[in-house]
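Next come the chains, spelled out residue by residue.
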Amino acid sequence: MDKPIVGGQAVVEGVMFQSQNQMVTAIRRNNDDIEYFEMERPQKKWVQKLKKIPLLRGNIAILESSIYGMKHLEFATDRYERNPEDDVHIEEEKQAASSTKILLSTIIVGILSFLIGKFLFTLIPVFIAEFFSGIITSHFGQVLLESIFKLILLLAYIFFISMTPMIKRLFQYHGAEHKVINTFENDEDLTVENVQGQSRLHYRCGSSFILFTVIVGFVVYMFVPVEPFYVRILNRIALIPVVIGLSFEFLQLTNKLRDIPVLKWLGMPGLLLQYLTTKTPDDKQVEVAIHSFNKLVRRD
């Protein structure tokens, strides 16, 4: 019998794990206690049908993960550096704001984050490549140059944010998440010692997905025009769902092939990126990840 697929993500001072039906986050409070946030994963029939359609299911999965993951991130950030005895103020603060205001602010922040992210990692490389169009005139050269600049921006962004103390700890919890999943998939008991002995890299990681969007984008853009410039801008925006869908399928493929010699190397670029997006966790961080995973298993 195949093992159930378990995913997860790092949150502030904790880890969230999710199965097909459940989601659990465990965080460590500043008094050293471990606290949980649990929720059932909504199962809407029309969403489940869409998630069976190749290409489309990748976009649905990303959207679904963002919506549900936001609740767990909110739980963790609300309690970051807050004394547990002051938790009552969290609900008071939320009650002071109307649900409409909260909804609108979430939508606005989400839209702005999306636009800023896409501008930085999709459009800026296009403008930079166009700047060199007088020197590099071929279609292949322009698309290659654009992809190289996109990769440089991605790596530089991850590198510099990883130098901040909070993000470094977040990346340590990211490493703990991967170690726990690898321990589970390798049929070992979830002890701190066993988990620490596992790799902090994993084929299904979202970091790999981000890198694959650069690689897949390079291939896709070879089939669309780069001139005139406004057409290039428009097709980059229009093709975002296509690139996301293909990248998701490629990520799933590399996971299926990870135990096959030679073919397992298809996922190597994504694994290499994880050396930036994950850090080696300490034992206390691993302990939090284990608690989160065990709570998820008990709910299932």
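Everything in this summary refers to the structure shown in the same document. Since we're looking at a predicted model, the values are computed, not measured. (Residues numbered from 1 in each chain as written. Predicted model: local features only at pLDDT ≥ 70, side-chain atom pairs only at ≥ 80, totals over all residues. Heavy atoms only, no water.)

### Describing the packing of helix α5 (residues 139-161) against helix α8 (residues 206-221)
Link 1 in the chain: Axis separation between α5 and α8 bottoms out at 9 Å; the angle between their running directions is 170°. Taken as axis vectors, α5 and α8 run roughly antiparallel relative to one another. Residue-level contacts link H139, F140, V143, L144, E146, S147, K150, L151 and L154 of α5 to I210, L211, V214, F218 and Y221 of α8.
Link 2 in the chain: Grouping the amino acids of the contact of α5 with α8 by side-chain chemistry returns 10 nonpolar, 2 polar and 2 charged. (Axes fitted to C-alpha atoms, helices over the stretch in contact; angles between N-to-C directions. Helix = DSSP H or I, 4+ residues; strand = E, 2+ residues; numbered from the N terminus. Parallel < 35°, antiparallel > 145°, perpendicular 65-115°, else oblique. Contact = heavy atoms within 4.5 Å. Nonpolar A, V, L, I, M, F, W, Y, C, P; charged D, E, K, R; others polar.)

### Focus on the environment of S65
Link 1 in the chain: Along the chain, S65 turns up in helix α2 (residues 56-79).
Link 2 in the chain: When its relative accessible area of 27% is taken as the criterion, S65 is described as partly exposed.
Link 3 in the chain: For S65 and Q9, which are 56 residues apart along the polypeptide, the C-alpha to C-alpha distance reads 9.8 Å. (Buried < 20%, exposed > 50% of the residue type's maximum accessible area, 1.4 Å probe, protein only.)

### Some words on the side chain of R29
Link 1 in the chain: By the secondary structure assignment, R29 is in the loop between β3 (22-28) and β4 (34-40).
Link 2 in the chain: Within the structure, R29 has its side chain in polar contact with the side chain of E35 (distance 2.4 Å).
Link 3 in the chain: In terms of polar contacts, R29 uses its side chain to reach the backbone carbonyl oxygen of R82, at 3.0 Å. (Polar contact = N/O pair within 3.5 Å; in protein donor to acceptor, adjacent residues only side chain to side chain.)

### Re unusual backbone geometry
Link 1 in the chain: In this model, E227 is joined to P228 through a cis peptide bond whose omega is -5°.
Link 2 in the chain: Within the secondary structure, P228 is located in the loop between α8 and α9 (229-238).
Link 3 in the chain: Of note in the backbone geometry, E13 takes a positive phi value of approximately 55° without being a glycine.
Link 4 in the chain: Within the fold, E13 resides in the loop between β1 (7-11) and β2 (14-18).

### Some words on the packing of aromatic side chains
Link 1 in the chain: As enumerated under the stated definition, the model contains 10 aromatic pairs in all.
Link 2 in the chain: Relative to F293, the ring of F17 has its centre 5.3 Å away and its plane inclined at 85°; by these criteria the two rings are edge-to-face. In this pair, F17 sits in strand β2 while F293 sits in helix α12 (residues 283-299), placing the two residues 276 residues apart along the sequence. Here F17 matches F293 in class, with each residue buried.
Link 3 in the chain: A centroid spacing of 4.9 Å and a plane angle of 85° characterise the contact between F212 and F250, whose relative ring orientation is edge-to-face. Of this pair, F212 sits in helix α8 while F250 sits in helix α10 (residues 240-256), and the two are 38 residues apart along the sequence.
Link 4 in the chain: Residue classification places F250 among the partly exposed positions, given a relative accessible area of 25%.
Link 5 in the chain: Each member of the aromatic cluster is reached from another via a ring pair, and the members are F17, F184 and F293.
Link 6 in the chain: Here R236 stacks its cationic end above the ring of Y221, 3.9 Å away from the centre of that ring. (Phe/Tyr/Trp six-rings, centres within 6.5 Å; stacked < 30°, edge-to-face > 60°. Lys NZ or Arg CZ within 6 Å of the ring centre and 35° of its normal.)

### Here we look at the pairing of β2
Link 1 in the chain: In terms of residue burial, β2 counts as a mostly covered element, since 5 of its 5 residues are buried.
Link 2 in the chain: Here β2 shows a buried face lined by G14, M16 and Q18 and a second buried face lined by V15 and F17.
Link 3 in the chain: Bridge analysis of β1 against β2 gives 5 bridges, and the strand direction is antiparallel. Looking across to β2, one finds that Q9 is bridged to M16.
Link 4 in the chain: Here β1 folds back onto β2, and the loop between the two strands holds 2 residues, one of which, E13, carries a positive phi near 55°.
Link 5 in the chain: The pairing of β2 with β3 spans 5 bridges and is antiparallel. From the neighbouring strand, F17 faces β3, where its bridge partner is V24.
Link 6 in the chain: The antiparallel pairing of β2 with β3 creates a hairpin that spans 3 residues between the two strands. (Pairing = 2+ DSSP bridges.)

### Let's talk about α5
Link 1 in the chain: Between its first and last C-alpha, α5 extends 33 Å over 23 residues, near the 33 Å set by a 1.5 Å rise per residue.
Link 2 in the chain: Three or more residues of α5 are buried, namely G141, Q142, V143, L145, E146, S147, F149, K150, L154 and I158. (Expected span 1.5 Å × (residues − 1).)

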